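Examining the three-dimensional arrangement
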Amino acid sequence: MTQERKTLQEMTENVEKAKRDRKNWVAFVESDVVNFLSLNEIEKMTIDDGAGNKAKLTRRKDGSVYVECTSSNVL
(Lines give C-alpha, C1' and ligand atoms only; values in the text may rest on other atoms or scores of the structure.)
Protein backbone atom coordinates (compact mmCIF):
# COMPACT_ATOMS: atom_id res chain seq x y z
CA MET A 1 0.00 0.00 0.00
CA THR A 2 1.77 3.12 -1.25
CA GLN A 3 0.62 6.44 0.07
CA GLU A 4 1.06 9.34 -2.35
CA ARG A 5 2.38 12.54 -0.80
CA LYS A 6 0.96 15.91 -1.76
CA THR A 7 3.21 18.73 -2.86
CA LEU A 8 3.50 21.87 -0.74
CA GLN A 9 1.46 23.75 -3.33
CA GLU A 10 -1.33 21.15 -3.20
CA MET A 11 -1.42 21.30 0.59
CA THR A 12 -1.66 25.08 0.72
CA GLU A 13 -3.70 25.99 -2.36
CA ASN A 14 -7.04 26.14 -0.53
CA VAL A 15 -5.68 27.70 2.65
CA GLU A 16 -6.18 31.43 3.02
CA LYS A 17 -3.75 33.47 5.06
CA ALA A 18 -5.37 35.13 8.02
CA LYS A 19 -5.28 38.89 7.51
CA ARG A 20 -3.52 40.69 10.29
CA ASP A 21 -5.22 43.59 11.90
CA ARG A 22 -3.22 46.82 11.87
CA LYS A 23 -4.08 47.41 15.54
CA ASN A 24 -2.54 44.06 16.45
CA TRP A 25 0.59 44.93 14.43
CA VAL A 26 1.01 48.28 16.20
CA ALA A 27 0.41 46.68 19.60
CA PHE A 28 3.02 44.00 18.81
CA VAL A 29 5.56 46.63 17.71
CA GLU A 30 4.93 48.93 20.66
CA SER A 31 5.22 46.13 23.22
CA ASP A 32 7.24 43.06 22.21
CA VAL A 33 9.50 44.71 19.63
CA VAL A 34 10.28 47.75 21.79
CA ASN A 35 11.05 45.43 24.72
CA PHE A 36 13.37 43.35 22.51
CA LEU A 37 15.14 46.50 21.28
CA SER A 38 15.60 47.75 24.85
CA LEU A 39 16.73 44.45 26.39
CA ASN A 40 19.33 43.86 23.67
CA GLU A 41 20.57 47.48 23.61
CA ILE A 42 19.85 47.83 19.88
CA GLU A 43 20.08 51.36 18.43
CA LYS A 44 18.02 50.94 15.21
CA MET A 45 15.77 48.21 13.91
CA THR A 46 13.46 47.75 10.92
CA ILE A 47 10.87 44.98 10.75
CA ASP A 48 8.49 43.83 8.02
CA ASP A 49 5.78 41.16 8.30
CA GLY A 50 5.62 40.50 4.55
CA ALA A 51 1.98 41.62 4.35
CA GLY A 52 2.61 45.34 3.95
CA ASN A 53 3.12 46.23 7.61
CA LYS A 54 6.48 47.77 8.41
CA ALA A 55 8.03 49.47 11.41
CA LYS A 56 11.20 51.44 12.04
CA LEU A 57 12.48 51.83 15.58
CA THR A 58 15.24 54.18 16.69
CA ARG A 59 16.67 54.76 20.16
CA ARG A 60 17.03 58.46 20.97
CA LYS A 61 19.82 60.03 23.01
CA ASP A 62 17.53 60.40 26.03
CA GLY A 63 16.82 56.64 26.00
CA SER A 64 13.31 56.85 24.58
CA VAL A 65 12.36 54.82 21.50
CA TYR A 66 10.93 56.46 18.37
CA VAL A 67 8.55 54.13 16.49
CA GLU A 68 7.26 54.71 12.96
CA CYS A 69 4.68 52.20 11.65
CA THR A 70 3.37 51.98 8.10
CA SER A 71 0.83 49.62 6.62
CA SER A 72 -0.63 48.64 3.30
CA ASN A 73 -4.34 47.87 3.00
CA VAL A 74 -6.26 46.48 0.04
CA LEU A 75 -9.88 47.64 -0.01
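Here the structure is shown first, and the text comes after it.
In this report, the structure presented in the accompanying data block is examined. For clarity, every value in this text was computed on a predicted model and none was experimentally measured. (Residues numbered from 1 in each chain as written. Predicted model: local features only at pLDDT ≥ 70, side-chain atom pairs only at ≥ 80, totals over all residues. Heavy atoms only, no water.)

1. So, the sheet that holds strand S2 (residues 54-59)
The line we're drawing: Think of it this way: DSSP has to see at least two bridges between two strands before they count as a pair. Put simply, DSSP marks the helices as runs of H or I at least four residues long and the strands as runs of E at least two long, and each gets a number from the N terminus on. Axis definition: a line fitted to C-alpha atoms, limited for helices to the stretch in contact. Angles are taken between N-to-C directions and run from 0 to 180 degrees.
If you walk across this open sheet you meet the three strands as S1-S2-S3, and the pairing is antiparallel. If you trace the sheet from one side to the other, it starts and ends with strand S1 (44-48) and strand S3 (65-70), each paired once. Looking at each pair of strands side by side, their axes are set apart by 10 degrees on average, direction ignored. Bridge count between S1 and S2: five bridges; the pairing is antiparallel. Looking at the pairing, Asp 48 lines up with Lys 54 of S2.

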